[in-house]
Amino acid sequence: MQIRSLAIAALLTATSVHAQYGTFDANAVKAAKATKTVVVLDAADSPYNRTMLESAKAVWKLTGEVEFVSTAQLATQPISPDRTYLLKTRKTDPVKYEATFLTLVKGWKPKKGEVLAQTDDQFTSIPAEQELAFIQIDTKAINEKGLARLLDVYLKHLQNYLTLVETGKITDKTTADRTYASRNRMVRDTELWMAQEHADKSLPDAAKVKEFYAAPCQVMALAQLAGALEKQDKGITISDVVITGENKNKHCFKRIFNVGTGELMYMRDDAAIFGKKEGFIDEDLKTLDRAR
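Remember, predicted model here, so these are calculated numbers, not experimental data. (Residues numbered from 1 in each chain as written. Predicted model: local features only at pLDDT ≥ 70, side-chain atom pairs only at ≥ 80, totals over all residues. Heavy atoms only, no water.)

A closer look at unusual backbone geometry
With glycine set apart, most residues show a phi of negative sign, and most peptide bonds adopt trans. Positive phi outside glycine occurs at aspartate 121, with the angle close to 65°. Mapped onto the fold, aspartate 121 is located in the loop between strand S6 (118-119) and strand S7 (122-123). On the accessibility criterion, aspartate 121 (18% relative accessible area) is buried. Positioned with a positive phi, lysine 277 is a non-glycine residue whose angle comes to about 60°. (Helix = DSSP H or I, 4+ residues; strand = E, 2+ residues; numbered from the N terminus. Buried < 20%, exposed > 50% of the residue type's maximum accessible area, 1.4 Å probe, protein only.)

Now the structure itself:
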């Protein structure tokens, strides 16, 4: 597929990869709510597809209508300005490497002959100004590690973000960061379910975790997080880790979400080189434990 323009590709390469954010324009959110959402699925069958079909029907409330197309089908029809599109995008950062995002995109009137570039069902030429909200995801965890129900959480998160923008609580990156930081203390009011695979090797077991975090917490195998996702319990928060790149480009993005509401309760990213900081570390737990 052709790339929309070299200028956009260069912009994506130069833009810093943030794990989640989007528009800060309340009017853009209000306009999006009047559209139909087109959910773009993988070209071939996958756990992502099957779960997204269920999740979008059950969880997506931002717009009144939802329809589903595959990446192949989207390539045969023009983008429409009266639609929003929920799809996977791929961005590149010179420091934090490549990353995959679940992104809500406002449609636009395409130029003659314009097509969307995509690789492995991930679009690479979406104009940044059309992005309404995005969240970094790990497609391997979704498709291969039994965590497809994370899509429920991600869809709720995207809608929560847009609600905060629409109501004026988030107006820029600073207010977004401040909002998420204010939720750190609320993690202690829940039971935190942390996958052992999401902890750095410096936190080898539950006993070590509890040295730095005194609130209710269960440390378990990654596969067991699926149980929390099925519960959709507002009293449970879960760990989520996405590691990008390799060697000197490796980066670790850490998040904690409320399973029931999808609210992002904690986020931090660290360079993860020389085998260090590949997951939650003691500083993350201390931050949560001391948050006021």
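Continuing now.
Some points on the packing of aromatic side chains
Under the defined criterion, the tally for this structure stands at three aromatic pairs. Look at phenylalanine 101 and phenylalanine 134: their rings are 5.6 Å apart centre to centre, the planes differ by 90°, and that puts the pair in the edge-to-face class. You can see phenylalanine 101 sitting in strand S5 (residues 97-106) and its partner phenylalanine 134 sitting in strand S8 (residues 131-137), a full 33 residues away along the chain. Each member of the pair, phenylalanine 101 as well as phenylalanine 134, is classed as buried. (Phe/Tyr/Trp six-rings, centres within 6.5 Å; stacked < 30°, edge-to-face > 60°.)

Section: helix H10 (residues 282-290)
Since the α-helix advances by 3.6 residues per turn, residues separated by three or four positions end up pointing in the same direction. Looking at H10, one finds that the buried residues are Asp284, Leu285 and Leu288. The arc that holds every buried residue of H10, seen down its axis, measures 95°, which confines them to one face. (Arc of directions from axis to C-beta.)

Let's talk about the sheet that holds strand S10 (residues 217-220)
Taking strand neighbours across the sheet as the criterion, the five strands line up as S10-S9-S11-S12-S13 in an open arrangement whose pairing is mixed. Edge strands, defined here as strands with exactly one partner in the open sheet, are S10 and strand S13 (264-271). Pairwise comparison of adjacent strand axes, ignoring direction, gives a mean angle of 20° for this sheet. Here four bridges tie strand S9 (residues 191-195) to S10, and the two strands are oriented parallel to one another. For leucine 192, the partnering residue across the bridge sits in S10 and is cysteine 217. Together, S9, strand S12 (251-258) and S13 form the strand contacts of H10, whose direction differs from that of S13 by roughly 150°. (Pairing = 2+ DSSP bridges. Axes fitted to C-alpha atoms, helices over the stretch in contact; angles between N-to-C directions. Contact = heavy atoms within 4.5 Å.)

Focus: the pattern of salt bridges
Counted according to the given criterion, the structure contains 22 salt bridges. A salt bridge links lysine 33 to glutamate 166; its shortest N-O distance comes to 3.2 Å. You can see lysine 33 sitting in the loop between helix H2 (26-32) and strand S2 (36-41) and its partner glutamate 166 sitting in helix H6 (residues 150-166), a full 133 residues away along the chain. Here glutamate 166 falls in the partly exposed class, since its relative accessible area comes to 23%. Put simply, aspartate 152 and arginine 149 hold a salt bridge, and the shortest N to O gap is 2.7 Å. Taking relative accessible area as the criterion, aspartate 152 reaches 4% and is therefore assigned buried. (Salt bridge = Lys/Arg side-chain N within 4 Å of Asp/Glu carboxyl O.)

Observations regarding the pairing of strand S4 (residues 83-93)
Within S4, eight of the eleven residues are buried, leaving the element largely enclosed by the surrounding structure. Relative to S4, S2 runs parallel, the two sharing four bridges. Across the sheet, residue lysine 36 finds its bridge partner in S4, namely arginine 83.

A few points about helix H3 (residues 47-59)
An ideal rise of 1.5 Å per residue puts 18 Å on 13 residues; H3 measures up with 17 Å between its terminal C-alpha atoms. If you follow the buried residues of H3, they end up packed against S2, strand S3 (65-70), S4, S5, helix H5 (139-144) and H6. (Expected span 1.5 Å × (residues − 1).)

What about the pairing of S2?
Most of S2 is tucked away: six of the six residues are buried. Neither face of S2 is left uncovered, since the one carrying Lys36, Val38 and Val40 and the one carrying Thr37, Val39 and Leu41 both have all their residues buried. Sheet topology places S2 next to S3; six bridges connect them, and they run parallel. Within S3, the residue paired with valine 39 across the bridge is phenylalanine 68.

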